[in-house]
2 protein chains.
Amino acid sequence: MKQVGTHLVVDAWEAPQDLLNDPEGIRRALIDAIVAGEATLIDLCVHQFSPHGVTATATLAESHIAIHTWPEHGYFAADLFFCGSGKPQQAMELLQRALQAKQIRFREISRGFDQTPDLNTIIGESYYQTVA
Amino acid sequence: MKQVGTHLVVDAWEAPQDLLNDPEGIRRALIDAIVAGEATLIDLCVHQFSPHGVTATATLAESHIAIHTWPEHGYFAADLFFCGSGKPQQAMELLQRALQAKQIRFREISRGFDQTPDLNTIIGESYYQTVA
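Since this is a predicted model, take the numbers as computed values, not measurements.

### Observations concerning the relation of the copies chain B and chain A
Argument step 1. Note on the copies: chain B fits chain A at an RMSD of 0.0 Å, the axial shift is 0.0 Å, and the rotation between them is 180 degrees. Taken together, the rotation angle and the small translation identify this as a two-fold axis. No C-alpha of chain B lies nearer the rotation axis than that of Thr57(B), which sits 3.6 Å from it.
Argument step 2. When the interface residues of chain B are mapped onto chain A, 100% of them are again interface residues, pointing to one common binding face.

### What to know about the sheet that holds strand β1 (residues 3-13) of chain A
Residues and elements named next belong to chain A.
Argument step 1. Spatially, the six strands line up as an open sheet ordered β2-β3-β4-β5-β1-β6, and their pairing is antiparallel. At either end of the open sheet lies a strand with only one pairing partner, and these are β2 (41-48) and β6 (103-112). Each strand of the sheet is rotated relative to its neighbour by a mean of 10 degrees, with strand direction disregarded.
Argument step 2. In this structure, β1 lies alongside strand β5 (residues 75-83), joined through eight bridges in antiparallel fashion. By the bridge assignment for β5, Asp 11 is matched with Ala 77.
Argument step 3. Each of β2, β3 (54-60) and β4 (63-70) touches helix α2 (residues 23-36); the most contacted strand, β2, lies at about 155 degrees to it.
Argument step 4. In the packing of helix α3 (residues 88-98) onto the sheet, the strands contacted are β1, β4, β5 and β6, and the crossing angle to β5 comes to about 160 degrees.

### A closer look at the interface of chain B and chain A
Argument step 1. Taken together, the contact pairs 46 residues of chain B with 46 residues of chain A.
Argument step 2. For the chain B and chain A pair, buried surface summed over both sides reaches about 3,400 Å², with 59% attributable to carbon and sulfur atoms.
Argument step 3. Measuring nitrogen to oxygen at the nearest pair gives 3.4 Å for the salt bridge that ties Arg111(B) to Asp11(A).
Argument step 4. Here chain B and chain A share twelve residue pairs in polar contact (both at pLDDT 80 or more) between them.

Calculation rules
- Residues numbered from 1 in each chain as written.
- Chains lettered and ligands numbered in written order.
- Predicted model: local features only at pLDDT ≥ 70, side-chain atom pairs only at ≥ 80, totals over all residues.
- Heavy atoms only, no water.
- Least-squares fit on C-alpha atoms with pLDDT ≥ 70 in both.
- Contact = heavy atoms within 4.5 Å.
- Pairing = 2+ DSSP bridges.
- Helix = DSSP H or I, 4+ residues; strand = E, 2+ residues; numbered from the N terminus.
- Axes fitted to C-alpha atoms, helices over the stretch in contact; angles between N-to-C directions.
- Buried area = accessible area lost by both parts, 1.4 Å probe.
- Salt bridge = Lys/Arg side-chain N within 4 Å of Asp/Glu carboxyl O.
- Polar contact = N/O pair within 3.5 Å; in protein donor to acceptor, adjacent residues only side chain to side chain.

Now the structure itself:
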(Lines give C-alpha, C1' and ligand atoms only; values in the text may rest on other atoms or scores of the structure.)
Protein backbone atom coordinates (compact mmCIF):
# COMPACT_ATOMS: atom_id res chain seq x y z
CA MET A 1 0.00 0.00 0.00
CA LYS A 2 1.73 3.13 -1.23
CA GLN A 3 0.22 5.67 1.11
CA VAL A 4 1.17 9.24 0.34
CA GLY A 5 -0.85 10.98 2.99
CA THR A 6 -3.71 11.27 5.39
CA HIS A 7 -6.92 13.14 4.67
CA LEU A 8 -9.08 14.18 7.61
CA VAL A 9 -12.69 15.08 6.80
CA VAL A 10 -14.04 17.07 9.71
CA ASP A 11 -17.42 18.35 10.87
CA ALA A 12 -17.64 20.55 13.94
CA TRP A 13 -20.65 21.94 15.80
CA GLU A 14 -21.62 24.24 18.61
CA ALA A 15 -19.05 26.86 17.81
CA PRO A 16 -19.77 30.52 18.64
CA GLN A 17 -21.34 32.34 15.71
CA ASP A 18 -19.03 35.35 15.98
CA LEU A 19 -15.90 33.22 15.69
CA LEU A 20 -17.24 31.47 12.60
CA ASN A 21 -18.00 34.79 10.95
CA ASP A 22 -14.63 36.45 11.62
CA PRO A 23 -12.30 36.09 8.63
CA GLU A 24 -9.30 37.51 10.48
CA GLY A 25 -9.79 35.12 13.39
CA ILE A 26 -10.12 32.22 10.97
CA ARG A 27 -6.95 33.35 9.19
CA ARG A 28 -5.09 33.31 12.51
CA ALA A 29 -6.60 29.95 13.47
CA LEU A 30 -5.45 28.45 10.17
CA ILE A 31 -1.94 29.79 10.53
CA ASP A 32 -1.79 28.48 14.10
CA ALA A 33 -3.14 25.12 12.90
CA ILE A 34 -0.44 24.94 10.23
CA VAL A 35 2.21 25.59 12.88
CA ALA A 36 0.64 22.99 15.20
CA GLY A 37 0.57 20.52 12.33
CA GLU A 38 4.22 21.21 11.55
CA ALA A 39 3.28 22.08 7.99
CA THR A 40 4.52 24.74 5.57
CA LEU A 41 2.19 27.39 4.16
CA ILE A 42 2.41 28.24 0.45
CA ASP A 43 -0.70 30.36 0.00
CA LEU A 44 -3.76 31.32 2.00
CA CYS A 45 -7.12 32.57 0.74
CA VAL A 46 -9.76 33.77 3.20
CA HIS A 47 -13.13 34.89 1.88
CA GLN A 48 -16.06 36.41 3.74
CA PHE A 49 -19.50 35.70 2.34
CA SER A 50 -22.48 37.99 2.67
CA PRO A 51 -24.46 37.98 4.86
CA HIS A 52 -22.41 35.39 6.76
CA GLY A 53 -19.99 32.54 6.36
CA VAL A 54 -16.27 32.28 5.74
CA THR A 55 -14.33 30.01 3.41
CA ALA A 56 -10.58 29.63 3.68
CA THR A 57 -8.15 27.45 1.79
CA ALA A 58 -4.52 27.01 2.75
CA THR A 59 -2.23 25.56 0.12
CA LEU A 60 0.54 23.69 1.89
CA ALA A 61 3.80 22.07 0.93
CA GLU A 62 2.12 19.00 2.46
CA SER A 63 -1.16 19.47 0.47
CA HIS A 64 -4.02 21.61 1.85
CA ILE A 65 -6.40 22.65 4.58
CA ALA A 66 -9.85 23.97 3.70
CA ILE A 67 -12.53 25.27 6.02
CA HIS A 68 -16.07 26.44 5.35
CA THR A 69 -18.25 27.94 8.07
CA TRP A 70 -21.99 28.27 8.58
CA PRO A 71 -22.13 30.69 11.54
CA GLU A 72 -25.92 30.60 11.64
CA HIS A 73 -25.70 26.89 12.50
CA GLY A 74 -22.57 27.05 14.67
CA TYR A 75 -21.09 24.60 12.19
CA PHE A 76 -17.94 24.31 10.18
CA ALA A 77 -16.71 21.74 7.68
CA ALA A 78 -12.99 21.28 7.23
CA ASP A 79 -10.63 18.93 5.54
CA LEU A 80 -6.93 18.52 6.07
CA PHE A 81 -4.82 16.60 3.56
CA PHE A 82 -1.24 16.08 4.71
CA CYS A 83 1.33 14.21 2.67
CA GLY A 84 4.72 13.18 3.94
CA SER A 85 5.52 14.71 7.27
CA GLY A 86 3.22 16.85 9.38
CA LYS A 87 0.60 16.14 11.99
CA PRO A 88 -2.88 16.71 10.58
CA GLN A 89 -4.67 15.67 13.75
CA GLN A 90 -2.80 18.29 15.77
CA ALA A 91 -3.77 20.89 13.17
CA MET A 92 -7.40 19.76 13.39
CA GLU A 93 -7.40 19.95 17.18
CA LEU A 94 -5.98 23.47 17.03
CA LEU A 95 -8.80 24.52 14.67
CA GLN A 96 -11.36 23.03 17.02
CA ARG A 97 -9.92 24.85 20.04
CA ALA A 98 -9.49 28.15 18.20
CA LEU A 99 -13.08 28.11 16.94
CA GLN A 100 -14.38 26.67 20.23
CA ALA A 101 -16.39 23.88 18.65
CA LYS A 102 -17.86 21.76 21.40
CA GLN A 103 -18.49 18.79 19.14
CA ILE A 104 -16.33 17.42 16.39
CA ARG A 105 -16.45 14.38 14.18
CA PHE A 106 -13.78 13.38 11.77
CA ARG A 107 -13.00 10.63 9.33
CA GLU A 108 -9.49 9.65 8.45
CA ILE A 109 -8.93 8.61 4.86
CA SER A 110 -5.70 7.05 3.73
CA ARG A 111 -4.64 8.42 0.35
CA GLY A 112 -2.14 6.94 -2.05
CA PHE A 113 -1.27 5.84 -5.51
CA ASP A 114 -1.71 2.09 -5.37
CA GLN A 115 -5.11 0.89 -6.54
CA THR A 116 -5.59 -1.19 -3.43
CA PRO A 117 -8.98 -1.38 -1.74
CA ASP A 118 -7.55 0.03 1.47
CA LEU A 119 -6.72 3.38 -0.08
CA ASN A 120 -9.37 6.05 -0.36
CA THR A 121 -11.40 4.27 2.25
CA ILE A 122 -12.20 5.52 5.68
CA ILE A 123 -9.69 3.95 8.03
CA GLY A 124 -10.37 6.01 11.12
CA GLU A 125 -13.34 5.99 13.38
CA SER A 126 -15.88 8.69 13.98
CA TYR A 127 -15.29 10.70 17.10
CA TYR A 128 -17.33 13.04 19.15
CA GLN A 129 -15.41 15.25 21.50
CA THR A 130 -16.49 17.93 23.87
CA VAL A 131 -14.09 20.64 24.74
CA ALA A 132 -14.41 22.62 27.92
CA MET B 1 -30.64 15.42 7.40
CA LYS B 2 -29.46 18.97 6.76
CA GLN B 3 -27.14 18.38 3.88
CA VAL B 4 -25.19 21.43 2.80
CA GLY B 5 -23.10 19.88 0.09
CA THR B 6 -21.35 17.02 -1.59
CA HIS B 7 -17.68 16.22 -1.16
CA LEU B 8 -16.03 14.02 -3.78
CA VAL B 9 -12.72 12.43 -2.78
CA VAL B 10 -10.98 11.35 -5.95
CA ASP B 11 -7.95 9.25 -6.87
CA ALA B 12 -6.87 9.00 -10.50
CA TRP B 13 -4.17 6.92 -12.14
CA GLU B 14 -2.45 6.32 -15.44
CA ALA B 15 -2.28 9.96 -16.39
CA PRO B 16 0.58 11.19 -18.60
CA GLN B 17 3.49 12.43 -16.54
CA ASP B 18 3.92 15.64 -18.55
CA LEU B 19 0.30 16.70 -17.96
CA LEU B 20 0.64 16.14 -14.22
CA ASN B 21 3.77 18.25 -14.09
CA ASP B 22 2.43 21.23 -16.06
CA PRO B 23 1.13 23.94 -13.73
CA GLU B 24 -0.35 26.01 -16.56
CA GLY B 25 -2.21 23.02 -17.96
CA ILE B 26 -3.52 22.20 -14.49
CA ARG B 27 -4.61 25.81 -14.06
CA ARG B 28 -6.57 25.61 -17.32
CA ALA B 29 -8.01 22.21 -16.36
CA LEU B 30 -9.22 23.60 -13.03
CA ILE B 31 -10.81 26.64 -14.63
CA ASP B 32 -12.51 24.41 -17.20
CA ALA B 33 -13.64 22.08 -14.39
CA ILE B 34 -15.15 25.01 -12.50
CA VAL B 35 -17.06 26.04 -15.62
CA ALA B 36 -18.19 22.44 -16.20
CA GLY B 37 -19.30 22.22 -12.59
CA GLU B 38 -21.23 25.49 -12.90
CA ALA B 39 -19.27 26.92 -9.98
CA THR B 40 -17.83 30.38 -9.28
CA LEU B 41 -14.12 30.91 -8.76
CA ILE B 42 -12.98 33.19 -5.94
CA ASP B 43 -9.25 32.47 -5.88
CA LEU B 44 -6.85 30.02 -7.46
CA CYS B 45 -3.39 28.99 -6.26
CA VAL B 46 -1.20 26.77 -8.43
CA HIS B 47 2.18 25.68 -7.12
CA GLN B 48 4.92 23.71 -8.87
CA PHE B 49 7.11 21.55 -6.67
CA SER B 50 10.71 20.67 -7.38
CA PRO B 51 11.65 18.31 -8.91
CA HIS B 52 8.07 17.40 -9.82
CA GLY B 53 4.49 17.61 -8.68
CA VAL B 54 1.83 20.30 -8.73
CA THR B 55 -0.64 21.37 -6.08
CA ALA B 56 -3.58 23.61 -6.87
CA THR B 57 -6.41 24.86 -4.71
CA ALA B 58 -9.44 26.69 -6.06
CA THR B 59 -11.52 28.59 -3.56
CA LEU B 60 -15.09 28.64 -4.83
CA ALA B 61 -18.30 30.39 -3.89
CA GLU B 62 -19.52 26.78 -3.57
CA SER B 63 -16.52 25.69 -1.38
CA HIS B 64 -13.33 24.32 -2.98
CA ILE B 65 -11.48 22.07 -5.39
CA ALA B 66 -7.99 20.85 -4.54
CA ILE B 67 -5.66 18.73 -6.63
CA HIS B 68 -2.25 17.27 -5.88
CA THR B 69 -0.23 15.42 -8.50
CA TRP B 70 2.53 12.80 -8.38
CA PRO B 71 3.72 12.80 -12.00
CA GLU B 72 6.29 10.08 -11.32
CA HIS B 73 3.43 7.73 -10.48
CA GLY B 74 0.91 9.02 -13.05
CA TYR B 75 -1.33 9.72 -10.09
CA PHE B 76 -3.35 12.63 -8.80
CA ALA B 77 -5.50 13.09 -5.71
CA ALA B 78 -8.33 15.58 -5.83
CA ASP B 79 -11.27 16.60 -3.77
CA LEU B 80 -14.25 18.69 -4.76
CA PHE B 81 -16.55 20.14 -2.12
CA PHE B 82 -19.63 21.80 -3.60
CA CYS B 83 -22.32 23.40 -1.48
CA GLY B 84 -25.62 24.58 -2.81
CA SER B 85 -25.78 24.54 -6.55
CA GLY B 86 -23.13 23.25 -8.88
CA LYS B 87 -22.27 19.90 -10.36
CA PRO B 88 -19.17 18.44 -8.70
CA GLN B 89 -19.26 15.22 -10.69
CA GLN B 90 -19.14 17.12 -13.97
CA ALA B 91 -16.17 19.09 -12.64
CA MET B 92 -14.45 15.85 -11.64
CA GLU B 93 -15.05 14.29 -15.05
CA LEU B 94 -13.59 17.37 -16.74
CA LEU B 95 -10.46 17.06 -14.60
CA GLN B 96 -10.15 13.40 -15.50
CA ARG B 97 -10.48 14.11 -19.23
CA ALA B 98 -8.15 17.11 -19.15
CA LEU B 99 -5.43 15.17 -17.34
CA GLN B 100 -6.16 12.00 -19.34
CA ALA B 101 -6.36 9.70 -16.33
CA LYS B 102 -7.33 6.24 -17.54
CA GLN B 103 -8.49 5.10 -14.11
CA ILE B 104 -10.42 7.02 -11.51
CA ARG B 105 -11.99 6.16 -8.20
CA PHE B 106 -14.09 8.49 -6.19
CA ARG B 107 -16.06 8.51 -2.98
CA GLU B 108 -19.02 10.77 -2.45
CA ILE B 109 -19.43 12.13 1.05
CA SER B 110 -22.54 13.97 2.12
CA ARG B 111 -21.68 16.96 4.27
CA GLY B 112 -23.97 18.89 6.54
CA PHE B 113 -24.68 20.35 9.90
CA ASP B 114 -26.97 17.83 11.50
CA GLN B 115 -25.20 15.32 13.69
CA THR B 116 -26.89 12.43 11.97
CA PRO B 117 -25.00 9.25 11.21
CA ASP B 118 -25.64 9.63 7.51
CA LEU B 119 -23.62 12.82 7.24
CA ASN B 120 -19.86 12.64 6.82
CA THR B 121 -20.18 9.07 5.73
CA ILE B 122 -19.43 7.74 2.31
CA ILE B 123 -22.70 7.52 0.47
CA GLY B 124 -21.44 6.89 -3.04
CA GLU B 125 -19.80 3.84 -4.45
CA SER B 126 -16.31 3.40 -5.69
CA TYR B 127 -15.94 3.61 -9.43
CA TYR B 128 -13.30 2.64 -11.85
CA GLN B 129 -13.56 4.21 -15.26
CA THR B 130 -11.40 3.94 -18.29
CA VAL B 131 -11.33 6.80 -20.72
CA ALA B 132 -10.33 6.30 -24.31
